[in-house]
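Residue-level structure breakdown
Below are the chains, spelled out letter by letter.
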Amino acid sequence: MLLAEVNEITHPRLPTVGQIRDYLEAEGWSARPPGPAGSMWVRNRDRIGIPDLDGEDPLLVQGILERLARAERKDLRFVTNYIRYYRTDVTLLQAASEQAASETIPLGAASTVLNSARSILRASGTTAWSERGHIDGNYARQGDAVLDRARMDHTIHGPFMIPVLVPIPRLQHSLDQQRSSESLELFRAAPEPFERRVTRTLAQALLAVQEVIVQPEHMPTMRDLHQAIDRGVSREFCTALSKILEEPSIGEFKAQFEWAPAVSAPETMPKSIGLPSEAREKIDQAAEILKRSRSEARSIFSGGIVELRHVLDDPWGYITIATVRQGRACEIRVRLRYPQYQEAMSWHSKHRAVIVEGAVREGPNRRLVVDEPVSCRPIDEALLPSGDGSADVIPRPRRR
C-alpha cells in the first residue's frame, strides 16, 4: 500500500475496533454469537477473538492486529495501514521544494498548498456531479457534502506531503451478480460510490491538465479544452493549481493516489501525476480561456460500467453506465457492436470508467438509451491535442 511504502513510520496509527470488524466482514470472516466479553470471528480454520470495548484500548487493538496479521500471513504494519484506510481514498499532495534534499517549505507556501488542496477537491466535487469549464460560484451541494466529510491526515516523513482522505461509505448491499444461459449473458455490478467518483475526477482532471494543457508545445484552444472539461477540469481547478506552482519555493506539485481497497480501483489510472512549476503560465492562460467560455450543449456523459448484456448471436451488445445527468444520478444503456462490446468487457474487468458521446433518448419503462454513440472509450485514454485544435485519442500502453 502506498502509505506503507512512502511513510516510514515505526508505529503506524491504529484503526478502530469498528474498522477491524468492518474489514473482517468484508473479507469473508464471520462472527459467531457474541459471548460476555466479545465475539469469535472465523474464516476457514482461523479464529480471532474481538472483545467488546467501551473505548479504544491501544494494547487490545494491537493484540487483535497481531493475531490477524499472523492468520493472514502478512506484515503487521501492512495490515494496520490496510485496515485503517480500507474504506478511504487517499490523495497524497506533495509540494517538492526546489532544494531537492529539503524536507520543509516556507510556512506561507505550506498555507497555500493547504488552501489550494481544498479548492482542488471542491472543484472536483462539482465537476464530478456536472462537468463545466467555469463553476463561477455555483458549486454542487453533492460535491460540497463530500468535501465536508474529507479529512487531512498527519503529514508524513519526506518531501512536504499531506494526505487528503475521502471516506467511502459502506454499500447497503452488493449488486454484483452474473447470469448466463444458452441465449443470454448478463453481468450486473455495484455502482461507483459518488465519493470515489470525486477522487477519480480529481485524478483524471490532473491527468487532463498534464496532457492537454502542459505537455503540448502550443496553447490549447477551446476545442482542446472541451476534452479536458469532459474529464473534470474547470477554471477553478486550474486557478488552484496555479496558486501552488507560483510559490517561489515549490519546484513541482505532485499527487499520488491510493484507492480504498473496499471498492475496486481503476487499474489503469496513473498512481502519480506531477506538474512542474514552469507549467504555471500555461495553466493560467487555460484558466482565462475557461473563464470566457460558454458551456456547449453536448450529449456527453461518463461513469463506470454497471451492466453488461448480450443475447446469443446478436450483432449488438449493451453496456449500462452509472452517471449523473441533468443534476440526477441515473443509468444509461449504450448499444455497441459486438466487437466493441467485447472491448467494453475488458474495460469493465479493469474497472475503467468510460466516456460516451451520443444522443440520449427515453426507451421503454423510461430507461435512458443511446442507440448509436458517436464515441465510447475509457476516460483514462491519453489525449493529444493536434495543431488544428482538434484532439486525437491515443490509447495508453497497457500495464503488464
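Here, the structure is the one placed above.
My aim in this report is to walk through the structure given alongside it, one point at a time. (Residues numbered from 1 in each chain as written. Predicted model: local features only at pLDDT ≥ 70, side-chain atom pairs only at ≥ 80, totals over all residues. Heavy atoms only, no water.)

Right, let's talk about the pairing of strand E12 (residues 316-325) for a bit. Across the 10 residues of E12, eight count as buried, placing the element largely inside the fold. Pairing of strand E11 (residues 300-311) with E12, which is carried by five bridges, proceeds in the antiparallel orientation. Along E12, the bridge assignment pairs Gly304 with Ala322. Here E12 folds back onto strand E13 (residues 328-337), and the loop between the two strands holds two residues, one of which, Gln326, carries a positive phi near 55°. (Buried < 20%, exposed > 50% of the residue type's maximum accessible area, 1.4 Å probe, protein only. Helix = DSSP H or I, 4+ residues; strand = E, 2+ residues; numbered from the N terminus. Pairing = 2+ DSSP bridges.)

A word on the pairing of strand E6 (residues 161-167). The element E6 is extensively covered by neighbouring structure, given that six of its seven residues are classed as buried. As judged from the seven bridges shared by strand E4 (residues 88-97) and E6, these two strands associate in the antiparallel manner. Note on E6: the bridge partner recorded for Gln94 is Met161. Bridge count for strand E5 (residues 151-152) against E6 is two bridges, and the pairing is antiparallel. Looking at E6, one finds that Met152 is bridged to Val164.

Per the stated rule, a full pass over the model turns up 20 salt bridges. A salt bridge links Arg87 to Asp22, with the nearest nitrogen and oxygen atoms 2.5 Å apart. With Arg87 in the loop between helix H4 (76-84) and E4 and Asp22 in helix H2 (residues 17-26), this pair connects stretches of sequence that are 65 residues apart. The pair Arg87 / Asp22 is uniform in exposure class, with both members buried. Here Glu195 and Arg149 are joined by a salt bridge, their closest N and O atoms 2.7 Å apart. Residue Glu195 is found in helix H7 (residues 194-214), and its partner Arg149 is found in helix H6 (residues 141-149); the two are separated by 46 residues along the sequence. Bridged by salt links that share partners, the residues Asp22, Glu25, Arg87 and Arg170 form one connected network. (Salt bridge = Lys/Arg side-chain N within 4 Å of Asp/Glu carboxyl O.)

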